[in-house]
Amino acid sequence: MSEPTGAARRRGPFQVGDQVQLTDPKGRHHTFTLEAGKSFHTHKGSFPHDELIGAPEGTVVRTTGNIAYLALRPLLPDYVLSMPRGAAVVYPKDAGQILSMADIFPGARVVEAGVGSGSLSCFLLRAVGDQGMLHSYERRADFAEIAAENVRRYFGGEHPAWQLTVGDLQDNLSDTDVDRVILDMLAPWECLEAVSKALVPGGMLCAYVATTTQLARTVEAIREHGTFNEPTAWETMVRTWHIEGLAVRPDHRMIGHTGFLLTARRLADGVEPPMRRRRPAKGAYGEDYAGWGGKDAAKVASRGAGKDAASDGERDAAPGSGGAA
Ligand SMILES: C[S@@+](CC[C@H](N)C(=O)[O-])C[C@H]1O[C@@H](n2cnc3c(N)ncnc32)[C@H](O)[C@@H]1O
């Protein structure tokens, strides 16, 4: 049985063409591609690539200046943070959330826009596998080119499940029977009609946005569109820890903000979104609410608010907790 695309480059002794990540004594990373006959140079000397070719991962090499470097293949989270960038990448912590909460499964038919630098494309391709489909749309040809090169380098060649189209998603999306659509762009609300047409009933839309205003506008537009269930929105913060003897504490620095995620499921055709059992908070759609999603947003948002609604202050269930939406 042949191995899944890219798997052969993730294990075994180092081969020509592999990405190598060196860790220096200060914990800094240096990434390069292995080439026969070449040398890796630092300001503290060099060593020949040939020393690593055929050696196991986890080998320690020494430069002519006697500095030791640990050699490993970069993991995908390392790779996406060190690869050349066009646009900002989806961070590994958010890619993990997207794969789990948008339920990306082997064989899934997935659409993604925009592609940016191709970070999320790599994660999605690994998850859908060779039998799945990822159709990625990117409006900027220069970014698409950077992403294509990053994806090719990561998998060691073309991925059989990947198709990349240059153009706006809302004008070009022609795929049907799509299981999942992932939007990482400035204005996801502009794509809802196209996304709704592409998704199968029960399919999922997942959007990744950087600001609260984008988040609110996307949620209200999804409600107003009327072909999705009630969206769920969340963010993830990851705090790394310093552990040394008795000094066991969170690291002083962390990435405080990357983006917000939201998901919503496609309803069957012709179905009205179910009544919302929770009344919007007092004033949420009051006089001061100008509306993100258009003039009908307030009407749609308060649809079904009745006397059995939960109290205004009710807290949302955490994503994944299985609580009522
Ligand atoms: C933040 S970047 C995406 C990063 C990417 N997900 C990654 O992980 O590397 C946003 C990208 O969306 C593209 N974009 C914005 N609106 C779009 C649209 N309507 N259709 C296609 N691409 C779009 C932009 O050109 C930009 O490259």
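Cut-off values and rules
Residues numbered from 1 in each chain as written. Predicted model: local features only at pLDDT ≥ 70, side-chain atom pairs only at ≥ 80, totals over all residues. UniProt positions renumbered as here; feature names shortened; annotations may be inferred. Helix = DSSP H or I, 4+ residues; strand = E, 2+ residues; numbered from the N terminus. Buried ≥ 20, exposed ≤ 12 C-beta atoms within 10 Å, placed from the backbone. Contact = placed C-beta atoms within 7 Å. Near = placed C-beta within 6 Å. Nonpolar A, V, L, I, M, F, W, Y, C, P; charged D, E, K, R; others polar. Expected span 1.5 Å × (residues − 1). Pairing = 2+ DSSP bridges. Axes fitted to C-alpha atoms, helices over the stretch in contact; angles between N-to-C directions.

- Per an unreviewed UniProt entry, the chain goes by tRNA (adenine(58)-N(1))-methyltransferase TrmI and derives from Streptantibioticus rubrisoli.
- Regarding the chain, the UniProt comment filed under Subunit (unreviewed entry) reads as follows: "Homotetramer composed of a dimer of dimers."
- Database annotation for the chain, UniProt heading Sequence similarities (unreviewed entry): "Belongs to the class I-like SAM-binding methyltransferase superfamily. TRM61 family."

### Details of the overall build of the chain
Okay, step 1: The helix and strand tally for the chain stands at 8 helices and 15 strands.
Okay, step 2: Looking at the chain as a whole, 33% of its 325 residues qualify as buried.
Okay, step 3: For the chain, restricting intrachain contacts to residue pairs at least 6 apart in sequence, the fraction spanning at least 24 positions comes to 65%.

### Comments concerning the site of the ligand
Okay, step 1: Neighbouring the ligand are 23 residues, the closest being Ala87, Gly114, Gly116, Ser119 and Met185.
Okay, step 2: Only helix H3 (119-128), strand E8 (133-138) and helix H5 (169-172) provide two or more residues apiece to the shell around the ligand.
Okay, step 3: Across the shell around the ligand, the residue classes break down as 12 nonpolar, 6 polar and 5 charged.

### Regarding the environment of lysine 93
Okay, step 1: You can see lysine 93 is positioned in helix H2 (residues 92-101).
Okay, step 2: Note on lysine 93: 13 C-beta atoms within 10 Å, which makes it partly exposed.
Okay, step 3: Between the C-alpha atoms of lysine 93 and valine 238, which are 145 residues apart in sequence, the distance is 7.5 Å.
Okay, step 4: Residues within four places of lysine 93 in sequence aside, it is in contact with Thr236 and Val238.

### What about helix H7 (residues 212-225)?
Okay, step 1: Look at H7: 20 Å from first C-alpha to last across 14 residues, which is about the 20 Å you get at 1.5 Å a residue.
Okay, step 2: Every buried residue of H7 is accounted for by Gln214, Leu215, Thr218, Val219, Glu220, Ala221, Ile222, Arg223 and Glu224.

### Focus: the sheet that holds strand E5 (residues 59-62)
Okay, step 1: Within the open sheet, the 4 strands sit side by side as E2-E1-E6-E5. Their pairing is antiparallel. Bordering the open sheet on either side are strand E2 (29-33) and E5, each of which pairs with just one other strand. For this sheet the average axis-to-axis angle between neighbouring strands, irrespective of direction, equals 30°.

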